Amino acid sequence: MTASGRVGGSPLTADELRRAGGIATDVIPLARPVLGPEEEAAVIEVLRSGDLSLGPRVPAFEQEFAEWVGAPHASAVSSGTAGLHLALRAVDVSEGDEVVTSPFSFVASANVMLFEGARPVFADIDARTLNLDPAAAAAAVTERTAALLPVHIFGYPADLPAFERLGLPIVEDACEALGAVHADGVRVGARGNPAAFGFYANKQLTTGEGGMVTLGDAAFKERIDSERNQGRAPDMGWLDHDRLGFNYRLTDIACAIGLVQLRRLDGMLADRARVAGWYREALGGIEGLELACEDAGGDRRGWFVFVVQVPRGRDRDEVIRGLRARGVQCKPYLPAIHLMSFYRERFGHREGEFPVCEDVAARSLALPFFPAMTEGQVARVAAALREAVGQGSAS
């Protein structure tokens, strides 16, 4: 994040401005956190208290977050990635195991398996929701499968009832899905499975960096609380470390910010939903452009990013260059994990393995999206996108 509060996307270059005839003078950032005097005051209070880590704000944030989600327990951690790692350990994923997951996600959801010597086994995604396809996941299960790791991609609830019927331990990647609700009215993160949330600066709630694992099992919380702090007892009552641990703690400074953010979360989620509605209306006339699926069957999205798929036949990267030249920050979102160089080289993955994922990944881009975005900015993005795909003028 730059000093201006912009998050993600590379800056508009001088060459891009020149190619655009100098028309881009006010760049619309990809994301921008909502931070105000309340967060500033909370940070100052922590600094003056001297309790910078392992202080009272950590359990306070955990308790309020768990209550908001509707989960019995929560453990604060240094990132969503750390949360996923500790959650996999909690369900006893270990060396030689396989974990079935989505190839259409941020790479962390696969990387965490490798931390434990397990192998990510990818299965294709559903073309409507872009989440892991339950039938494809079931077909990928073998005798070595130790767990499932569905991702609530772009904030849309994965089909947890279908995955639960497979009878395997589940770790939920809910890092993009704070505020999402399943068809049965249960919020994502409150079904009892370990579920990891992330608090990076573009998330629905931010602490700058940080994360939370919601849990239904008190024993899982005790284990995660210990392992996030080098394997010490959660009550810090002894110095002998009887298990492997990590430095995955979240500071009191971050938790103080999180407590303020949590108290304004309902309003920020409503603001995000309003911006998404403006986008749906503004982009509806662009032929061939595919938008995120509408809520259906009682499932409700917790809006994180606004991702579109460019019309078939258009060069996605050329569209991105055109948008950036017009002062609209954007980025490819998300590349297919199995086609990243590391995963190609480590596991021999190649094009054609997961055709739905590969088609979506090749055409997807994230547009500017944040709670304080105005209807005028949305209109400007829509006009720029229409011109970038060759269907009109942005002027």
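So, here is what we can say about the structure in this document. (Residues numbered from 1 in each chain as written. Predicted model: local features only at pLDDT ≥ 70, side-chain atom pairs only at ≥ 80, totals over all residues. Heavy atoms only, no water.)

Observations regarding the packing of helix H4 (residues 80-90) against helix H8 (residues 218-227)
With their axes 10 Å apart at the nearest point, H4 and H8 run at an angle of 130 degrees to one another. Taken together, the axes of H4 and H8 lie oblique to each other. Read as a crossing pair, H4 and H8 show a hand that is right-handed. Across from Leu 86, Ala 87, Arg 89 and Ala 90 in H4, the residues of H8 making contact are Phe 220, Arg 223, Ile 224 and Glu 227. (Axes fitted to C-alpha atoms, helices over the stretch in contact; angles between N-to-C directions. Helix = DSSP H or I, 4+ residues; strand = E, 2+ residues; numbered from the N terminus. Parallel < 35°, antiparallel > 145°, perpendicular 65-115°, else oblique. Left-handed = near helix turned anticlockwise from the far one by under 90°. Contact = heavy atoms within 4.5 Å.)

Focus: the packing of aromatic side chains
All told, the structure shown has 15 aromatic pairs when counted by the stated rule. Taking 5.9 Å as the distance between ring centres and 25 degrees as the angle between the ring planes, the aromatic pair formed by Tyr 343 and Phe 347 counts as stacked. With Tyr 343 and Phe 347 both in helix H12 (residues 341-347), this residue pair falls four residues apart, about one helical turn. With a relative accessible area of 1%, Tyr 343 lands in the buried category. Three or more aromatic residues joined by ring pairs form one cluster here, namely Phe 122, Phe 342, Tyr 343, Phe 347 and Phe 354. Against the face of Trp 68 rests Arg 187, its NZ or CZ located 3.6 Å from the ring centre. The ring of Trp 303 carries Arg 301 above its face, with NZ or CZ at 4.9 Å from the centroid. (Phe/Tyr/Trp six-rings, centres within 6.5 Å; stacked < 30°, edge-to-face > 60°. Buried < 20%, exposed > 50% of the residue type's maximum accessible area, 1.4 Å probe, protein only. Lys NZ or Arg CZ within 6 Å of the ring centre and 35° of its normal.)

Thoughts on the packing of helix H10 (residues 265-283) against helix H14 (residues 375-388)
In a packed pair of helices, the relevant descriptors are the angle between the two axes and the axis-to-axis distance. Packing of H10 against H14 leaves a shortest axis separation of 9 Å and a crossing angle of 35 degrees. At the point where H10 passes H14, the crossing takes the right-handed sense. Packed against H10, whose contacting residues are Val 275, Trp 278, Tyr 279, Ala 282 and Leu 283, the element H14 presents Glu 375, Val 378, Val 381, Ala 382, Leu 385 and Arg 386 at the interface. Partitioning the contact of H10 with H14 into residue classes produces nine nonpolar, no polar and two charged. (Nonpolar A, V, L, I, M, F, W, Y, C, P; charged D, E, K, R; others polar.)

A look at unusual backbone geometry
Here the residue pair Tyr 333 and Leu 334 is connected by a cis peptide bond, since its omega of 10 degrees sits within 30 degrees of zero. Within the secondary structure, Leu 334 is located in the loop between strand S9 (331-332) and H12. Unusually for a residue other than glycine, Leu 54 sits at a positive phi of about 55 degrees. With respect to the helices, strands and loops of the structure, Leu 54 is situated in the loop between helix H2 (37-49) and helix H3 (57-69).

Some thoughts on the pairing of strand S8 (residues 306-309)
Of the two faces of S8, both are covered, the one formed by Phe 306 and Val 308 as well as the one formed by Val 307 and Gln 309. Two strands pair when backbone bridges link them, and S8 and strand S10 (residues 364-367) are joined in this way by four bridges, in the antiparallel orientation. Residue pairing for S10: Val 307 is matched across the bridge by Ala 366. (Pairing = 2+ DSSP bridges.)

A few points about the pattern of salt bridges
This model, assessed by the stated rule, comprises 26 salt bridges. The closest approach of N and O atoms between Asp 359 and Arg 312, which form a salt bridge, is 2.7 Å. Linking Asp 359 in helix H13 (residues 355-363) with Arg 312 in the loop between S8 and helix H11 (316-325), this pair joins segments that are 47 residues apart in sequence. Exposure remark for Asp 359: the relative accessible area of 26% places this residue in the partly exposed category. Residue classification places Arg 312 among the exposed positions, given a relative accessible area of 57%. (Salt bridge = Lys/Arg side-chain N within 4 Å of Asp/Glu carboxyl O.)

Here we look at the environment of Val 308
Inspection of the secondary structure assignment puts Val 308 in strand S8. Note on Val 308: relative accessible area 0%, which makes it buried. Put simply, Val 308 and Gly 185 are 123 residues apart on the chain and 27 Å apart in space, counted from C-alpha to C-alpha. The residues contacting Val 308, other than those within four sequence positions of it, are Leu 283, Leu 289, Glu 290, Leu 291, Arg 363, Ser 364, Leu 365 and Leu 367.

Geometric descriptors of this kind do not, in isolation, establish any biological role.
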